[in-house]
Amino acid sequence: FLCLWSALEVLCDGPGRVNRALRSALELKYLARVVTDMGQKLSEACEAYISKRGRELEVTKDQFVFSVLFLSDWSEERDGLYEKLDRDPLVRNRLFEISGLNSGKKLQKRILEYGDRISWHIERMYRTRNSIVHSGDMPLFLDSLGQHLHIYLDVLLDAILSHFEEGNFSYVEDVIMSIEYEHQIYFQKLKDTENITLDDIEWLCW
(Lines give C-alpha, C1' and ligand atoms only; values in the text may rest on other atoms or scores of the structure.)
Protein backbone atom coordinates (compact mmCIF):
# COMPACT_ATOMS: atom_id res chain seq x y z
CA PHE A 1 0.00 0.00 0.00
CA LEU A 2 2.77 2.44 0.92
CA CYS A 3 4.69 1.62 -2.26
CA LEU A 4 1.60 2.21 -4.41
CA TRP A 5 0.89 5.53 -2.72
CA SER A 6 4.55 6.58 -3.02
CA ALA A 7 4.42 5.81 -6.74
CA LEU A 8 1.40 8.08 -7.08
CA GLU A 9 3.14 10.88 -5.24
CA VAL A 10 6.18 10.57 -7.50
CA LEU A 11 4.04 10.63 -10.67
CA CYS A 12 2.02 13.61 -9.43
CA ASP A 13 5.01 15.52 -8.04
CA GLY A 14 3.79 15.41 -4.45
CA PRO A 15 0.70 14.45 -2.44
CA GLY A 16 -1.10 17.74 -3.06
CA ARG A 17 -1.77 16.92 -6.70
CA VAL A 18 -2.69 13.24 -6.39
CA ASN A 19 -6.41 13.80 -5.91
CA ARG A 20 -6.81 16.22 -8.82
CA ALA A 21 -4.72 14.14 -11.24
CA LEU A 22 -6.43 10.85 -10.36
CA ARG A 23 -9.90 12.36 -10.47
CA SER A 24 -9.22 13.88 -13.91
CA ALA A 25 -7.92 10.60 -15.35
CA LEU A 26 -10.71 8.49 -13.84
CA GLU A 27 -13.52 10.85 -14.84
CA LEU A 28 -12.23 10.99 -18.42
CA LYS A 29 -12.39 7.17 -18.61
CA TYR A 30 -15.66 6.72 -16.71
CA LEU A 31 -18.06 6.47 -19.67
CA ALA A 32 -15.67 4.26 -21.63
CA ARG A 33 -15.64 1.82 -18.71
CA VAL A 34 -19.46 1.96 -18.45
CA VAL A 35 -19.84 1.14 -22.15
CA THR A 36 -17.27 -1.68 -21.97
CA ASP A 37 -18.81 -3.18 -18.84
CA MET A 38 -22.37 -3.03 -20.17
CA GLY A 39 -21.21 -4.32 -23.54
CA GLN A 40 -19.84 -7.44 -21.88
CA LYS A 41 -22.97 -7.97 -19.78
CA LEU A 42 -25.34 -7.43 -22.70
CA SER A 43 -23.29 -9.68 -24.97
CA GLU A 44 -23.41 -12.51 -22.45
CA ALA A 45 -27.21 -12.33 -22.36
CA CYS A 46 -28.15 -11.08 -25.84
CA GLU A 47 -25.27 -11.79 -28.26
CA ALA A 48 -27.50 -13.05 -31.08
CA TYR A 49 -29.91 -10.10 -30.85
CA ILE A 50 -27.10 -7.51 -30.73
CA SER A 51 -25.31 -9.08 -33.72
CA LYS A 52 -28.52 -9.30 -35.78
CA ARG A 53 -29.69 -5.75 -35.06
CA GLY A 54 -26.17 -4.40 -35.47
CA ARG A 55 -25.96 -5.84 -38.99
CA GLU A 56 -29.41 -4.50 -39.84
CA LEU A 57 -28.54 -1.02 -38.58
CA GLU A 58 -24.99 -1.17 -39.99
CA VAL A 59 -23.29 -0.29 -36.71
CA THR A 60 -20.47 -1.96 -34.82
CA LYS A 61 -21.05 -3.71 -31.52
CA ASP A 62 -19.57 -0.77 -29.58
CA GLN A 63 -21.77 1.68 -31.49
CA PHE A 64 -24.83 -0.46 -30.79
CA VAL A 65 -24.11 -0.62 -27.05
CA PHE A 66 -23.39 3.12 -26.88
CA SER A 67 -26.61 3.87 -28.75
CA VAL A 68 -28.92 1.72 -26.61
CA LEU A 69 -27.33 3.22 -23.50
CA PHE A 70 -27.47 6.91 -24.35
CA LEU A 71 -29.59 7.71 -27.43
CA SER A 72 -33.23 8.72 -26.96
CA ASP A 73 -34.37 7.40 -30.34
CA TRP A 74 -33.15 3.84 -29.73
CA SER A 75 -36.16 2.90 -27.60
CA GLU A 76 -37.15 0.05 -29.96
CA GLU A 77 -33.75 -1.62 -29.55
CA ARG A 78 -33.85 -1.11 -25.78
CA ASP A 79 -37.28 -2.72 -25.62
CA GLY A 80 -35.87 -5.68 -27.52
CA LEU A 81 -33.08 -6.00 -24.97
CA TYR A 82 -35.50 -5.68 -22.06
CA GLU A 83 -37.39 -8.71 -23.40
CA LYS A 84 -34.18 -10.71 -23.65
CA LEU A 85 -33.14 -9.66 -20.13
CA ASP A 86 -36.29 -10.82 -18.34
CA ARG A 87 -34.20 -13.38 -16.40
CA ASP A 88 -31.39 -10.93 -15.64
CA PRO A 89 -33.02 -8.12 -13.62
CA LEU A 90 -29.74 -6.55 -12.48
CA VAL A 91 -28.52 -5.89 -16.04
CA ARG A 92 -32.05 -4.89 -17.08
CA ASN A 93 -32.27 -2.30 -14.29
CA ARG A 94 -28.76 -1.05 -15.07
CA LEU A 95 -29.74 -0.57 -18.71
CA PHE A 96 -32.89 1.31 -17.68
CA GLU A 97 -30.93 3.55 -15.31
CA ILE A 98 -28.19 4.45 -17.80
CA SER A 99 -30.60 5.06 -20.68
CA GLY A 100 -31.90 8.11 -18.82
CA LEU A 101 -28.49 9.79 -19.21
CA ASN A 102 -29.26 11.09 -22.70
CA SER A 103 -27.91 14.64 -22.45
CA GLY A 104 -24.58 16.25 -21.72
CA LYS A 105 -25.80 17.80 -18.50
CA LYS A 106 -27.13 14.48 -17.17
CA LEU A 107 -23.86 12.75 -18.03
CA GLN A 108 -21.92 15.58 -16.42
CA LYS A 109 -23.93 15.22 -13.22
CA ARG A 110 -23.35 11.45 -13.14
CA ILE A 111 -19.60 11.78 -13.76
CA LEU A 112 -19.23 14.48 -11.11
CA GLU A 113 -21.04 12.29 -8.56
CA TYR A 114 -18.60 9.51 -9.44
CA GLY A 115 -15.70 11.94 -9.12
CA ASP A 116 -16.88 13.05 -5.69
CA ARG A 117 -16.82 9.44 -4.51
CA ILE A 118 -13.34 9.02 -5.98
CA SER A 119 -12.06 12.14 -4.20
CA TRP A 120 -13.47 10.95 -0.89
CA HIS A 121 -11.84 7.55 -1.42
CA ILE A 122 -8.46 9.09 -2.25
CA GLU A 123 -8.60 11.26 0.88
CA ARG A 124 -9.35 8.13 2.88
CA MET A 125 -6.30 6.46 1.34
CA TYR A 126 -4.14 9.44 2.24
CA ARG A 127 -5.34 9.37 5.86
CA THR A 128 -4.64 5.63 5.96
CA ARG A 129 -1.14 6.21 4.61
CA ASN A 130 -0.48 8.80 7.32
CA SER A 131 -1.87 6.50 10.00
CA ILE A 132 0.47 3.69 8.93
CA VAL A 133 3.54 5.92 8.68
CA HIS A 134 3.04 7.90 11.88
CA SER A 135 1.52 5.35 14.24
CA GLY A 136 2.04 1.98 12.59
CA ASP A 137 -1.73 1.44 12.59
CA MET A 138 -2.78 -1.29 10.11
CA PRO A 139 -6.55 -1.00 9.44
CA LEU A 140 -8.61 -4.11 8.78
CA PHE A 141 -9.76 -2.79 5.40
CA LEU A 142 -6.21 -2.22 4.11
CA ASP A 143 -6.33 -5.07 1.54
CA SER A 144 -9.51 -3.72 -0.04
CA LEU A 145 -8.20 -0.16 -0.02
CA GLY A 146 -4.94 -1.32 -1.57
CA GLN A 147 -6.79 -3.08 -4.41
CA HIS A 148 -8.63 0.14 -5.25
CA LEU A 149 -5.40 2.11 -5.04
CA HIS A 150 -3.79 -0.35 -7.46
CA ILE A 151 -6.66 0.17 -9.93
CA TYR A 152 -6.37 3.95 -9.66
CA LEU A 153 -2.62 3.82 -10.26
CA ASP A 154 -3.12 1.55 -13.29
CA VAL A 155 -5.62 4.00 -14.83
CA LEU A 156 -3.25 6.93 -14.33
CA LEU A 157 -0.26 4.99 -15.71
CA ASP A 158 -2.27 3.93 -18.77
CA ALA A 159 -3.23 7.56 -19.39
CA ILE A 160 0.36 8.74 -18.98
CA LEU A 161 1.79 6.06 -21.28
CA SER A 162 -0.84 6.67 -23.97
CA HIS A 163 -0.02 10.39 -23.91
CA PHE A 164 3.68 9.67 -24.31
CA GLU A 165 2.88 7.41 -27.29
CA GLU A 166 0.56 9.91 -28.97
CA GLY A 167 2.13 13.29 -28.17
CA ASN A 168 5.42 15.13 -27.97
CA PHE A 169 5.90 14.94 -24.22
CA SER A 170 9.22 14.77 -22.40
CA TYR A 171 8.14 14.91 -18.78
CA VAL A 172 5.44 13.23 -16.69
CA GLU A 173 4.53 16.61 -15.19
CA ASP A 174 3.63 17.88 -18.67
CA VAL A 175 1.43 14.83 -19.25
CA ILE A 176 -0.39 15.36 -15.94
CA MET A 177 -1.03 18.99 -16.92
CA SER A 178 -2.32 17.82 -20.31
CA ILE A 179 -4.72 15.31 -18.68
CA GLU A 180 -6.10 18.02 -16.40
CA TYR A 181 -6.50 20.39 -19.36
CA GLU A 182 -8.28 17.72 -21.43
CA HIS A 183 -10.54 17.13 -18.44
CA GLN A 184 -11.59 20.81 -18.50
CA ILE A 185 -12.30 20.66 -22.24
CA TYR A 186 -14.26 17.42 -21.80
CA PHE A 187 -16.57 18.91 -19.22
CA GLN A 188 -17.08 22.07 -21.26
CA LYS A 189 -18.16 19.91 -24.21
CA LEU A 190 -20.52 17.99 -21.92
CA LYS A 191 -22.01 21.26 -20.73
CA ASP A 192 -22.54 22.40 -24.34
CA THR A 193 -24.05 19.09 -25.57
CA GLU A 194 -27.84 19.09 -25.35
CA ASN A 195 -28.72 15.69 -26.83
CA ILE A 196 -26.28 12.79 -27.20
CA THR A 197 -25.85 11.41 -30.74
CA LEU A 198 -23.83 8.55 -32.18
CA ASP A 199 -21.28 11.10 -33.43
CA ASP A 200 -20.40 11.81 -29.79
CA ILE A 201 -19.08 8.29 -29.16
CA GLU A 202 -15.46 9.11 -30.01
CA TRP A 203 -14.96 12.04 -27.66
CA LEU A 204 -17.22 10.70 -24.89
CA CYS A 205 -15.54 7.26 -24.81
CA TRP A 206 -12.03 8.10 -26.06
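Residues numbered from 1 in each chain as written. Predicted model: local features only at pLDDT ≥ 70, side-chain atom pairs only at ≥ 80, totals over all residues. Heavy atoms only, no water.

Here we look at the packing of aromatic side chains
- A complete count under the given rule lists seven aromatic pairs for this structure.
- When the centroid spacing of 5.7 Å and the interplanar angle of 75° are considered together, the rings of Tyr186 and Trp203 count as edge-to-face. With Tyr186 in helix α8 (residues 172–192) and Trp203 in helix α9 (residues 201–204), this residue pair connects regions lying 17 residues apart in the sequence.
- Ring pairs connect the aromatic residues Tyr49, Phe64 and Trp74, which therefore count as one cluster.
- Its end group placed over the ring of Phe141, Arg124 keeps NZ or CZ at 4.2 Å from the ring centre. (Phe/Tyr/Trp six-rings, centres within 6.5 Å; stacked < 30°, edge-to-face > 60°. Helix = DSSP H or I, 4+ residues; strand = E, 2+ residues; numbered from the N terminus. Lys NZ or Arg CZ within 6 Å of the ring centre and 35° of its normal.)

Concerning unusual backbone geometry
- A positive phi angle, close to 60°, is found at Asp13, a residue other than glycine.
- Locating Asp13 in the fold gives a position in the loop between α1 (2–11) and α2 (18–57).
- What makes Asp13 exposed here is its relative accessible area of 58%.
- A positive phi is found at Glu58, a non-glycine position, where the angle reads about 60°.
- Here Glu58 lies in the loop between α2 and α3 (61–70).
- Judged by its relative accessible area of 72%, Glu58 falls in the exposed class. (Buried < 20%, exposed > 50% of the residue type's maximum accessible area, 1.4 Å probe, protein only.)

Observations regarding the side chain of Arg78
- Looking at where Arg78 falls in the secondary structure, it is placed in helix α4 (residues 75–84).
- Here Arg78 is buried and forms no salt bridge, its nearest opposite-charge partner Asp79 lying at an N-O distance of 6.4 Å. (Lys, Arg positive; Asp, Glu negative; His and termini not counted. Salt bridge = Lys/Arg side-chain N within 4 Å of Asp/Glu carboxyl O.)

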